[in-house]
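Now for the letters of each chain:
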Amino acid sequence: MSEEITFARIVSDNFQNILTVIGSIGGAVVGGIITAKASRKNDVKKTIREKRTELYYEFYAQIEPLINDRTVIFSDEYFKILVQYKAKMKLLTSQKACAALEKFYNYVRTKYYAFLKYKNENDPENDPQNQEIFYDEEGYPDRIVHISAEDRAYFIEQTQDYIQKNVPTLEDVNKTLVPLYNALREDIGSNM
């Protein structure tokens, strides 16, 4: 009897080799899938870190003047910059950095709004005794403010006094700025 070569006989004779080939191919496919997923995840993390680094650098460069001149906390421009960056920052920061940003923002906002309130309450332009209401040709009300140069100068002097008496200490500023700085550094992995 001659041995007939059948598919079943080939498989049974080479079963170990076939399993090795299938295992190798399967392992390569699974390994490739895992590697691709890990690579994609790392690419996403790298992209986020790069975007954070750029944004954090710009942001910190804008808020850092507070360290050297703490009177900027009372300026409209400083507060506008902080508000502008706050929205951008909330999209990219970690929860820890977002919480630190919120504390810093609230600190600055409290100081700034207190200053605005002082100005509004003491500005001679807001005093009804210095205002004259008249109506234009179409019947719409308008006002003219009558303020003397002395009143204006006194208000400016009082505003400067307010700033000098209420300017925060570096220690007070650093209570919210340093944790923010550290959280930003941690986010981008430069907290060594």
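Structural data are supplied above this passage.
Residues numbered from 1 in each chain as written. Predicted model: local features only at pLDDT ≥ 70, side-chain atom pairs only at ≥ 80, totals over all residues. Heavy atoms only, no water.

### Quick look at the packing of helix α5 (residues 95-122) against helix α7 (residues 170-188)
Here is the rule we go by: The convention used is that axes are lines fitted to C-alpha atoms, helices contributing only their stretch in contact, and that angles between N-to-C directions extend from 0 to 180 degrees. Helix numbering and strand numbering both begin at the N terminus, where a helix is a DSSP run of H or I of at least 4 residues and a strand a DSSP run of E of at least 2. Note that the term roughly parallel is reserved for angles under 35 degrees, roughly antiparallel for angles over 145, roughly perpendicular for angles of 65 to 115, and oblique for everything else. For any helix crossing, the convention is left-handed if the near helix is rotated counterclockwise from the far helix by under a right angle, and right-handed if that rotation is clockwise. Whether two residues are in contact is decided by their heavy atoms, any of which lying within 4.5 Å being enough. Three classes are used: nonpolar for Ala, Val, Leu, Ile, Met, Phe, Trp, Tyr, Cys and Pro, charged for Asp, Glu, Lys and Arg, and polar for all others, with Gly counted as polar.
Relative to each other, α5 and α7 sit at 155°, their axes nearing to 8 Å. Between α5 and α7, the angle falls in the class roughly antiparallel. Seen along the crossing, α5 lies across α7 with a hand that is left-handed. Residues Lys96, Ala97, Ala100, Leu101, Lys103, Phe104 and Tyr107 of α5 form the contact with α7, whose own contacting residues are Asp172, Val173, Thr176, Leu177, Pro179, Leu180, Ala183, Leu184, Glu186 and Asp187. Of the residues that constitute the contact of α5 with α7, the class distribution is 11 nonpolar, one polar and five charged.

### Brief notes about the nonpolar core
For clarity, the threshold we go by: The set of buried Ala, Val, Leu, Ile, Met, Phe, Trp, Tyr and Cys residues whose side-chain atoms join them within 4.5 Å is what this entry labels a nonpolar core. Under the scheme applied here, a residue whose accessible area is under 20% of the maximum for its type counts as buried, over 50% as exposed, and between as partly exposed, the area being computed with a 1.4 Å probe on protein chains only.
One finds Phe59, Ile63, Met89, Phe104, Val108 and Leu180 to be the most contacted residues of the largest nonpolar core, which totals 31 residues. Looking at this core, the elements that each hand over two or more residues are α2 (15-63), α4 (76-92), α5, α6 (149-166) and α7. Looking at this core element by element, the count peaks at 10 residues for α5. Excluding anything up to four places from it in sequence, valine 108 contacts Ile73, Tyr78, Phe79 and Leu82.

### A short note on the side chain of aspartate 123
Formally: We define a polar contact as two N or O atoms separated by no more than 3.5 Å, with the added condition that, inside protein, one atom must be a possible hydrogen donor and the other a possible acceptor, whereas residues neighbouring each other in sequence contribute only through side-chain atom pairs.
You can see aspartate 123 is positioned in the loop between α5 and β1 (131-135). In terms of polar contacts, aspartate 123 uses its side chain to reach the backbone amide nitrogen of glutamate 125, at 3.0 Å. Look past the residues within four positions of aspartate 123 in its chain and what remains in contact with it is Arg152 and Phe155.

### Side note on the packing of aromatic side chains
For any pair of aromatic rings, the description consists of the separation of the ring centres together with the inter-plane angle of the planes. Worth spelling out the cut-off: Here a Phe, Tyr or Trp ring, Trp counted by its six-membered ring, pairs with any other such ring whose centre lies within 6.5 Å, and the pair is stacked when the planes are under 30 degrees apart, edge-to-face when over 60, and tilted otherwise. Placement of a positive charge over a ring is assigned whenever Lys NZ or Arg CZ falls within 6 Å of the ring centre and within 35 degrees of the normal to the ring plane.
Going through the model one piece at a time under the given rule, you end up with 10 aromatic pairs. Here phenylalanine 74 and tyrosine 162 contribute two aromatic rings whose centre-to-centre distance is 6.1 Å and whose plane-to-plane angle is 70°, an arrangement assigned as edge-to-face. Here tyrosine 162 lies in helix α6 and phenylalanine 74 lies in the loop between α3 (65-68) and α4, a separation of 88 residues in the sequence. We note that phenylalanine 74, like tyrosine 162, is buried. By way of ring pairs, the aromatic residues Phe74, Phe115, Tyr118 and Tyr162 are connected into one cluster. The ring of tyrosine 105 carries the charged tip of lysine 86 above its face, separated from the ring centre by 3.9 Å. Stacked on the ring of tyrosine 85, the Lys or Arg lysine 88 has its end atom at 5.0 Å from the ring centre.

### Overview of α4
One full turn of an α-helix is made of 3.6 residues, so residues set three or four places apart face in the same direction. Basically, it comes down to this: A helix is expected to span 1.5 Å multiplied by its residue count minus one. Think of it this way: the bend at a residue is just the angle between two axes, each fitted to seven residues, one set ending at that residue and the other starting at it.
Look at α4: 25 Å from first C-alpha to last across 17 residues, which is about the 24 Å you get at 1.5 Å a residue. Along α4, the largest kink reaches about 30° and is centred on lysine 86.

### Description of the pattern of salt bridges
Note the following rule: Salt-bridge detection follows one rule: a side-chain nitrogen of Lys or Arg within 4 Å of a carboxyl oxygen of Asp or Glu.
Scanning the model with the defined rule gives seven salt bridges in all. Of the charged contacts in the structure, one is a salt bridge between lysine 96 and glutamate 186, with a shortest N-O distance of 3.0 Å. A residue pair is termed long-range when its members are at least 10 positions apart, and lysine 96 in helix α5 and glutamate 186 in helix α7 qualify at 90 residues. The residue aspartate 172 makes a salt bridge to lysine 175 at a minimum N-O spacing of 3.6 Å. Highlighted residues: aspartate 172 and lysine 175, both in helix α7, separated by three residues, approximately one helical turn. By relative accessible area, which is 31% here, aspartate 172 ends up partly exposed. Residue class for lysine 175 comes out exposed when judged on its relative accessible area of 55%.

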